[in-house]
Amino acid sequence: MNTQQPGDPSGRGGAPSPAGETGAGSPRRRGPTVVVAGGGTAGHIEPAMALADAVRRLRPDASVVALGTERGLETDIVPARGYPLELVPPVPMPRKASPELLRMPSKVRDSVRRTREVLERVGADVVVGFGGYVSLSAYLGARGRVPIVVHEANARAGLSNKVGARFAREVLAAVPDSGLPGARTIGIPLRESITTLDRASLRAQARAHYGLRPDAPTVLVFGGSQGAQTLNTAFSGASDELGRAGIGVLHAHGPKNTVAVRELPGAPPYVPVPYLERMDLAYAAADLVVCRSGAMTVAEVSAVGLPAVFVPLPHGNGEQALNAQPVVTAGGAKLISDAELTPQRVIDEILPLAGDSEGLARMNRATLSTGHREADRVLAETTLEVAGA
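Residues numbered from 1 in each chain as written. Predicted model: local features only at pLDDT ≥ 70, side-chain atom pairs only at ≥ 80, totals over all residues. Heavy atoms only, no water.

Reading the Subcellular location (unreviewed entry) entry of the UniProt record for the protein chain gives the comment "Cell membrane". Within the UniProt record for the protein chain, the comment given under Sequence similarities (unreviewed entry) is "Belongs to the glycosyltransferase 28 family. MurG subfamily." (UniProt positions renumbered as here; feature names shortened; annotations may be inferred.)

Structure below.
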C-alpha cells in the first residue's frame, strides 16, 4: 500500500522527478532518497521524523520516505508530519535470533519482498532503521542492495537492530554499551522545537498558556501519551501539601484517566490536563519534571536541561532504568521505583526538591551535560554521506 501526499502523484513528497529532469525537461540530478524505518511506537517513529526533518534542512532536494506497517502509530504521525508512508506487512518478531529467522518463513519472505519493491520504486539511496517490526523488514530487504544505517535509541538494543547492525554501513546509538559492537554514541535525534528550546525566554508565555502562576516553583508530571496511574495517584494524593508549600503543578494524566484535586485558596494552581500538545511549552513552564524514563523522554529532558525525577516503567527488561542512569549518575536526575512512588514520597522528597532553587540550578547544569542537541544533524550528515550525497 502506498500513501502519497495530496497533489504528489510520484509519492516522493515533492522531491525532483526521479528521471533527473525538471518539469521543463532540462537535465537535473535528483536529490538523495532516504528511506526511514521506525514504526510501531512513538519511541521509534519520532527519531525517524527528526532525522527526516534534519535531512531536508541539509538537502532541500532530498526525498524522504517512511516505511511502516498498518498496526503502528506511524499511520497517524508520519502523514501529519508531511512525509509519504509506505506500508508493508509486519515481520513476526522472535524473542531471539535463530536459524528460523534466517530461513525466513513465509510471512518474513512476503514482508521482505514487499519492502524490496518499495525500495526499488522510490529509488532508495540509503535505509535508516530505528528498531521495531518494520526495521527488520527494511534491513533484510535492503541487505546487499541499499546501504544501511542503524540507530539504537535504548540503552539495551532490540533484536531488529542487532540483526541490522551485522551488515550496516554505520551503527549509531543514543548511549554507550547498548549491545551493538562498534556503535558510535550520538544521542537521539529530536524535534527542532526541542533542540532549539530556550526555556528561560519562553517561561512567561508557557506559564500563561497553561494558567500557571508566573513566579511559583512548578512541577511538570506526565507518564507518556496514556498517562501513568502511579504518578496520577501519588501526585493527586499530595496535591494539598504541594499547594500549601507554594508549588504549582502541570499534570498530564492521560486521555482515559482523571485526577481529583482541590483548589486551595491562595495556592498556586494544580493544572490537570489529558495530554500535552505543546511539549516545548510544558518543558519551558517547569522547574522540575517527574516522568517515566523512555529513551525519547530522557533525551528530551536532557536536551532542554530540565531537572528530573524518573519513575521507570516497571515492565520489559529494565531498559527504562538503564535509560535514566547516565543522567542520574551525572547528578541531573533522581530515580524512584514505581512501587516506591507514593503521596508521602512526593511530600517527603519531591516537594522540597521543587522548592530548592540552588539545587535545581545544579541539576540543570548536570542534565545539560548529558544532552545531545545535535544528534539529528549528526545522524543526517552520516546518512547523506552513506547515501553518496
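From this point, the narrative continues.
Draft legend 1. Seen up close, the overall build of the protein chain. The helix and strand inventory of the protein chain stands at 16 helices and 14 strands. When the 389 residues of the protein chain are sorted by exposure, 55% land in the buried category. Of the contacts formed within the protein chain by residues at least 6 apart in sequence, a portion of 64% connects residues at least 24 apart. Total accessible area on the protein chain stands at roughly 16,800 Å², and carbon and sulfur atoms take up 51% of it. (Helix = DSSP H or I, 4+ residues; strand = E, 2+ residues; numbered from the N terminus. Buried < 20%, exposed > 50% of the residue type's maximum accessible area, 1.4 Å probe, protein only. Contact = heavy atoms within 4.5 Å. Areas by Shrake-Rupley, 256 points an atom, 1.4 Å probe, with all protein chains shown as cover.)

Draft legend 2. Representation of unusual backbone geometry in the model. Positive phi outside glycine occurs at Asp177, with the angle close to 60 degrees. As for its placement among the helices and strands, Asp177 is situated in the loop between strand 7 (170-173) and strand 8 (184-185). Using a relative accessible area of 76% as the deciding quantity, one classes Asp177 as exposed.

Draft legend 3. Representation of the environment of Ser63 in the model. Within the element layout of this structure, Ser63 appears in strand 3 (residues 63-68). Sequence separation of Ser63 and Thr33 is 30 residues, and the distance between their C-alpha atoms is 4.6 Å.

Draft legend 4. Broad picture of the sheet that holds strand 9 (residues 218-222). One open sheet accounts for 6 strands, arranged 11-10-9-12-13-14; its pairing is parallel. One side of each edge strand has no neighbouring strand; the edge strands of this open sheet are strand 11 (270-273) and strand 14 (333-335). Sheet twist, expressed as the average angle between the axes of neighbouring strands with direction ignored, equals 15 degrees. Inspection of the sheet shows strand 10 (residues 248-252) paired to strand 11 by 4 bridges, in the parallel sense. Each bridged residue has a counterpart across the sheet, and for Ala252 the counterpart in strand 11 is Val273. On top of the sheet, helix 13 (residues 319-330) reaches strand 13 (308-310) and strand 14; it is set at about 130 degrees to strand 14, its chief contact. (Pairing = 2+ DSSP bridges. Axes fitted to C-alpha atoms, helices over the stretch in contact; angles between N-to-C directions.)

Draft legend 5. Representation of the confidence of the model for the protein chain in the model. Per-residue pLDDT for the protein chain averages 88, and the proportion of residues at 70 or more is 88%. Below a pLDDT of 50 lies the segment residues 1-28, which in the model reaches 48 contacts outside its immediate sequence neighbourhood of four places, other chains included. (pLDDT = per-residue confidence, 0-100.)

Draft legend 6. Representation of the nonpolar core. One finds Leu220, Phe222, Leu250, Leu276, Tyr283 and Phe310 to be the most contacted residues of the largest nonpolar core, which totals 41 residues. When residues in this core are grouped by element, the largest group, 7 residues, is from helix 12 (residues 295-304). For this core, the two domains that each supply at least three residues are domain 1 (31-189 + 372-385) and domain 2 (191-368). Those residues in contact with Tyr283 that lie beyond four places of it in its chain are Ile194, Leu197, Arg199, Leu220, Phe222, Glu300, Val301, Val304 and Leu306. The next biggest cluster of nonpolar side chains, apart from the first, holds 29 residues, and it includes Ala62, Leu85, Leu87 and Val386. (Core = buried A, V, L, I, M, F, W, Y, C linked by side-chain atoms within 4.5 Å. Domains from an automatic or database assignment.)

Draft legend 7. Looking closely at the pairing of strand 3. The buried fraction of strand 3 is high, at 6 of 6 residues. A two-sided burial pattern is seen for strand 3, the buried positions comprising Ser63, Val65 and Leu67 on one face and Val64, Ala66 and Gly68 on the other. With respect to chirality, the unit in which strand 2 (residues 33-37) leads through helix 1 (residues 42-58) into the neighbouring parallel strand 3 is right-handed. Where strand 3 and strand 4 (residues 85-87) come together, 3 bridges link them in parallel fashion. Looking across to strand 4, one finds that Ala66 is bridged to Leu85. Crossover strand 3 to strand 4 through helix 2 (residues 74-80) is right-handed. (Right-handed = clockwise from strand over helix to strand, strands pointing away.)

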